[in-house]
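Structure at a glance
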Amino acid sequence: MNHIAFTPAPLPEEVADPLLDALTRQHYCVIDQFIPADLIASLRDLALTRQQAGFMHQAGTSKSAITNPALRGDQIAWLDESDPHPALRKYFALLSKLQQLVNRNLMMGLDTVETHFAIYPAGSSGYATHIDQFQQHSPGPVSGSRALTLIIYLNEGWPEEAGGELRLYTGQHTAQPLPEAAHIDISPTGGRLVLFLSDRFWHTVLPAKQARLSVTGWFKTR
Ligand SMILES: O=C(O)CCC(=O)C(=O)O
Ligand SMILES: [Fe+2]
């Protein structure tokens, strides 16, 4: 659990304005070139180094820690804010800016963040349709639960034929939507940021023909 304590310089307006506008209107946003090429490369190298050093483990699915590569094909390594690696210091500084921006403008009360690298190996089955927070019976923020999901892709470009899109179902569904329900497909292009309300959007990671790298996080309320 990472408690972000310091107050960084804010995100530039040309990023902050479209981000807040999209989050307000549609409860998700996609921002390209959110991180620069050198940070993509250093985070990517770090993820691969940690994989080679044996720090990645097969991810489990929601309620249980049972792993099932047919449902979820990625390997993950959790990240710690106290990690001195320069790329992670830059990454956590960005998370802090995002948290500050969203709290000041959208009053979400984001308090902590949990975050990990994810690597879906070439030929992985992706991640079956799921929601990042179990839906509650009453509306409004639930304390201590995942409120805002963030994903930043760490791939060097991404050819369309490689698949691996994030399929985000745009309607509100109380149960898993049918595959043909309204959705958008987001390609995991390096540097791209995706944010969405964790309790609202069902989503799927489609099978990928190439190794697919990302850093994923969830801001939680107090
Ligand atoms: O990598 C992505 O595009 C989404 C990953 C995801 O849905 C998750 O880790 O919960
Ligand atoms: Fe997810």
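Residues numbered from 1 in each chain as written. Chains lettered and ligands numbered in written order. Predicted model: local features only at pLDDT ≥ 70, side-chain atom pairs only at ≥ 80, totals over all residues. Heavy atoms only, no water.

Further remarks concern the site of ligand 1. Taken together, 13 residues surround ligand 1, and among them His130, Asp132, Tyr153, His203 and Arg212 come closest. Within the contact set of ligand 1, an oxygen atom lies 3.2 Å away from a side-chain nitrogen or oxygen of Asp132. A distance of 2.6 Å is found between an oxygen atom of ligand 1 and a side-chain nitrogen or oxygen belonging to Tyr153. The fraction of the free accessible surface of ligand 1 (300 Å²) that becomes covered by protein chains is 98%. Among the elements of the structure, β6 (127-130), β7 (146-153), β11 (203-205) and β12 (212-221) are those that each provide at least two residues to the shell around ligand 1. Broken down by element, the shell around ligand 1 gets its largest block of residues, 3 residues, from β12. (Near = heavy atom within 4 Å. Polar contact = N/O pair within 3.5 Å; in protein donor to acceptor, adjacent residues only side chain to side chain. Areas by Shrake-Rupley, 256 points an atom, 1.4 Å probe, with all protein chains shown as cover. Helix = DSSP H or I, 4+ residues; strand = E, 2+ residues; numbered from the N terminus.)

Turning our attention to the coordination of the iron ion (ligand 2). For the iron ion (ligand 2), the protein coordination sphere consists of His130 (NE2), Asp132 (OD) and His203 (NE2), at 2.0 to 2.2 Å. Going along the chain, you hit the donors of the iron ion (ligand 2) in the pattern H-x1-D-x70-H. Here the residue His130 occupies a position in strand β6, and His203 occupies one in strand β11, the gap between them amounting to 73 residues. For the pair His130 and His203, one class covers both residues: buried. (Donors = N, O, S within 2.8 Å, 3.2 Å for Na, K, Ca; no water. Buried < 20%, exposed > 50% of the residue type's maximum accessible area, 1.4 Å probe, protein only.)

With that out of the way, let us pick up the nonpolar core. By size, the foremost hydrophobic cluster in this structure holds 44 residues, and its most contacted members are Leu19, Phe34, Tyr91 and Phe117. Elements that contribute at least two residues to this core include exactly α1 (13-26), β2 (28-31), α2 (37-52), α3 (86-106), β5 (110-120), β7, β10 (193-197) and β12. Considering every element that reaches this core, the biggest residue donor is α3, with 9 residues. Those residues in contact with Leu19 that lie beyond four places of it in its chain are Cys29, Ile31, Leu98, Leu101, Leu193 and Leu195. Core analysis: the next-biggest nonpolar cluster, separate from the first, contains 9 residues, Ile151, Ile186, Val194 and Phe201 among them. (Core = buried A, V, L, I, M, F, W, Y, C linked by side-chain atoms within 4.5 Å. Contact = heavy atoms within 4.5 Å.)

Read these as spatial facts, not as claims about activity.
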